[in-house]
Amino acid sequence: MCYMGHRRYLPLSHPDRNKKQAFDGTVEREVAPLPLSGRQILEEVEKIDFKYGKGKKKRNPNGCFQRKSIFFRLPYWKDLLVRHCLDVMHIEKNVCESIVGTLLDIPGKSKDGLSSRLDLVELGIRHSLAPVDKGKRTYLPPAAFTLSKEEKQAVCNSFAKMKVPDGYSSNVRNLVCMEELKLMGMKSHDCHTLMQQLLPIAIRSVLPKKVRQTLTKVCIFFNQLCGKELEMKKLNSLHDDIVKTLCNLEKYFPPSFFDIMIHLMVHLVREAKLCGPVWARWMYPFERNMKVLKGYVRNHNRPEACMVECYISEEAVEFCTEYIAGVDAIGLSKPRNHSNGVDRGLRGKGSMVTVSRSELDQAHLLVLENNPEVQPYITDHLELLQSMIPTKVKNKQRWVLEEHRKTFIGWLKNTILAIDHGVSKELEYISFGPDTQVVKHHAYIVGGKRFHTKERDDARTVQNSGVSIVAEAISIVAEAMHFASTKDRNPVQSTMTYYGVVDEIWELDYGLLRIPLLKCSWVENKGGVRTDELGFTLVDLSKRGSKNDPFIMATQAKRGGE
C-alpha cells in the first residue's frame, strides 16, 4: 500500500495541481479531507468487536468487558473526543530508515527496485525509469535519487569521519559498514540525530540540487517540529512547507517510497497545534523507563511481579537516602559530566606554566568585564575616558575602547585600594589580579559541559573543542561595539555570533576562587562565516580573526552542535 496524492493539501490555485508528467499523469482536482470529529470517529469504531489480549471477552449489559471475573470499565464515549497522539519518535525513525535505505540501496530497507519500477510501468508514468532487458539481465536506469558507488563511498566516509560533541549521540562510526557501503544497527536516537543534523551534512556533495534540497527540507521540518518551543504563528508556514516537500518527493521517488510513515508527516503540524510541543509527548522517556523495568526481571514466568517488587524496593531506598548524609543509592549512575556544582579539570590537576604579561592581562580583563560587581566601575571608567578624549582624535569610540583596555586594570586596583569599606572579599581579590602561574588543562568540565583542546580532540572519537559564543555574552564593552577588522573605523552596535576552536584551557588562581577560561582561535566573521540558502551556518576554520581577543569565559561558551 502507498499513500500519495499530497497535492490535495495544496491551495486550489497552486500550479503543481496541473502538472501531469511530473506526478502521476493526472490533474489534481480534489481537496484535502476534513479531519473527523470525536463523534464521527465513534460512529466508525462503535460496531467493531474488541478483543483485548488472549482469550475472549464478553460485554456485560452495564458496559464492561468481562474475563475470568475481572472487569475493565470503559468511559462513556458518546460525547468524548477520541484522539490518538502520533508517535513522532517512530515516525522520524522510519522516515530516516526509508531515506537512508533508498539512497544507499540497502537490502530490505530500500524502497526502489524491480517491483517499484514495474509499478511505474503499470501506472504509465516516468517511462525513462522503466526496466530494460538486456539478454538474461534486467537493468534499472538510474533515478534522480540514485547514488553511484563513488557517491555512496562519499556519504559513508562522511559518517565514518564525523565527530560529534560528547553526549550528543552514540559513536556514528560504529553504524557505518564501508565494505558493504551501508548503515546498520541504527537505534531510534541514532535516526533522530541523523535526521536533525547529520544527514544534510553527509549529502551536501551528492545528488542533484533539487533532490538534495528536498531531503534537507525534510530534516529541517523535523528539527523545527521537535524544538523546545513552538510558535503558533509559524506552524501554518511549517505545514505549508512540509506539504510542498512531500509533493516534491512524489516527483523524484517511486510510489512504493510513500508508506504510511511518510504520509503521516502531513498531520504532525496539526497535531502539534492540538497537543503542544513534541518533546512533552513522544516515546523517548517511556522507552528509557521500559529498559529499566525490563532489567528488574529475574523470573521470566512472573515479569510483572519482578518489576513491582524491585520498583518498590528502589523507591524505599531512594526515600531513605534523603535522610542519610553522604550516601548515594546503589545502581543509580550519575551523569558523565556531573561535577557536583564545582568546575573541575580532568585527569590530574593540570600543568603549572608561566605566561606572558600581555596574555595574562587579556585574560584578567575578561574576568573583570564579566563580573557583576565590576560593572559599575566599568561604567565610571568609560565616562571618565569620554571626558578625556583628545580633540585631534578622529575615531572617538575606538580611542575610548583602546584606552579602557590599557588602563582599566590599574585604575580599578587603585580605586579599590582607596575605598576603606563596602567592598566584598571577592571583588577585592579579583581587583588585585591573578597569580602569575597559570594552570593549563587539556580537558575541563564546567556547568555540565565537557571541553577539550584541539590537540586532545585529534586523538579521540568525539569533538569537544568547537565552540561558539554570542558577543552580547562576552562583556559590556564587546556588546557595545564590534569591529570587523583592525582597520575598521565604523563600529557596529549589535550582537554577533563568533565561532572558534579551543587551543588552551586556562585556570586563573585569584586566591579566593579559581576561574576557567578558554583560549580559542576564532574564525573571521567577514569572510569565514556564511549562511547557505537552506539556513545552515558554514564556517571556514582556515580563515582566522579576532587574534587580539582569544579568551572567553568557559561558562559562556557553547559547544559545537548546541
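Since the model is a prediction, treat every value here as computed from it, not as a measurement.

**Concerning the confidence of the model for the protein chain**
Part 1 of the argument: Per-chain confidence: the protein chain averages 84 in pLDDT, with 86% of residues scoring 70 or above.
Part 2 of the argument: Overall, residues 55-83 carries pLDDT values under 50, and its contacts beyond four positions in sequence, including any with other chains, amount to 39 contacts.
Part 3 of the argument: The low-confidence segment residues 475-486, where pLDDT is below 50, has 36 contacts with residues more than four positions distant or belonging to other chains.

**Observations regarding the environment of Thr245**
Part 1 of the argument: Tracing the backbone through its elements, the reader meets Thr245 in helix H7 (residues 232-252).
Part 2 of the argument: Its relative accessible area of 5% is what places Thr245 among the buried residues.
Part 3 of the argument: Separated by 27 residues in sequence, Thr245 and Val218 place their C-alpha atoms 7.0 Å apart.
Part 4 of the argument: Apart from residues lying up to four places away in sequence, Thr245 is in contact with Thr214, Lys217 and Val218.

**Details of the side chain of Ser98**
Part 1 of the argument: Here Ser98 is to be found in helix H2 (residues 88-104).
Part 2 of the argument: Overall, Ser98 belongs to the buried group, its relative accessible area being 5%.
Part 3 of the argument: A polar side-chain atom of Ser98 sits 2.9 Å from the main-chain carbonyl oxygen of Asn94.
Part 4 of the argument: Ser98 has contacts with Lys109, Lys111, Phe257 and Asp259, leaving out every residue within four places of it along the chain.

**Quick notes on the packing of helix H6 (residues 209-225) against H7**
Part 1 of the argument: The interhelical angle for the contact between H6 and H7, taken along N-to-C directions, is 145°, at an axis separation of 10 Å. The handedness of the crossing between H6 and H7 is left-handed. Judged by residue contacts, Lys210, Val211, Thr214, Leu215, Lys217, Val218, Phe221, Gln224 and Leu225 of H6 engage Leu238, Ile242, Thr245, Asn248, Leu249 and Tyr252 from H7.
Part 2 of the argument: Taken together, the residues of the contact of H6 with H7 sort by class into nine nonpolar, four polar and two charged.

**Overview of the pairing of strand E11 (residues 443-446)**
Part 1 of the argument: The two faces of E11 match: Ala443 and Ile445 on one face and Tyr444 and Val446 on the other face are all buried.
Part 2 of the argument: Across four bridges, the pairing between E11 and strand E12 (residues 449-452) is antiparallel. Directly across from Ala443, in E12, lies its bridge partner His452.
Part 3 of the argument: Linkage of E11 to E12, two consecutive antiparallel strands, is achieved through a turn of two residues, within which Gly447 is found at a positive phi near 60°.

**A look at helix H12 (residues 375-386)**
Part 1 of the argument: Compared with the 16 Å implied by 1.5 Å per residue over twelve residues, the 17 Å span of H12 between its first and last C-alpha is a close match.
Part 2 of the argument: Residues of H12 that are buried: Tyr377, Ile378, His381 and Leu385. Taken down its axis, H12 places every buried residue within 105° of arc, on the same side.

Calculation criteria
Residues numbered from 1 in each chain as written. Predicted model: local features only at pLDDT ≥ 70, side-chain atom pairs only at ≥ 80, totals over all residues. Heavy atoms only, no water. pLDDT = per-residue confidence, 0-100. Contact = heavy atoms within 4.5 Å. Helix = DSSP H or I, 4+ residues; strand = E, 2+ residues; numbered from the N terminus. Buried < 20%, exposed > 50% of the residue type's maximum accessible area, 1.4 Å probe, protein only. Polar contact = N/O pair within 3.5 Å; in protein donor to acceptor, adjacent residues only side chain to side chain. Axes fitted to C-alpha atoms, helices over the stretch in contact; angles between N-to-C directions. Left-handed = near helix turned anticlockwise from the far one by under 90°. Nonpolar A, V, L, I, M, F, W, Y, C, P; charged D, E, K, R; others polar. Pairing = 2+ DSSP bridges. Expected span 1.5 Å × (residues − 1). Arc of directions from axis to C-beta.

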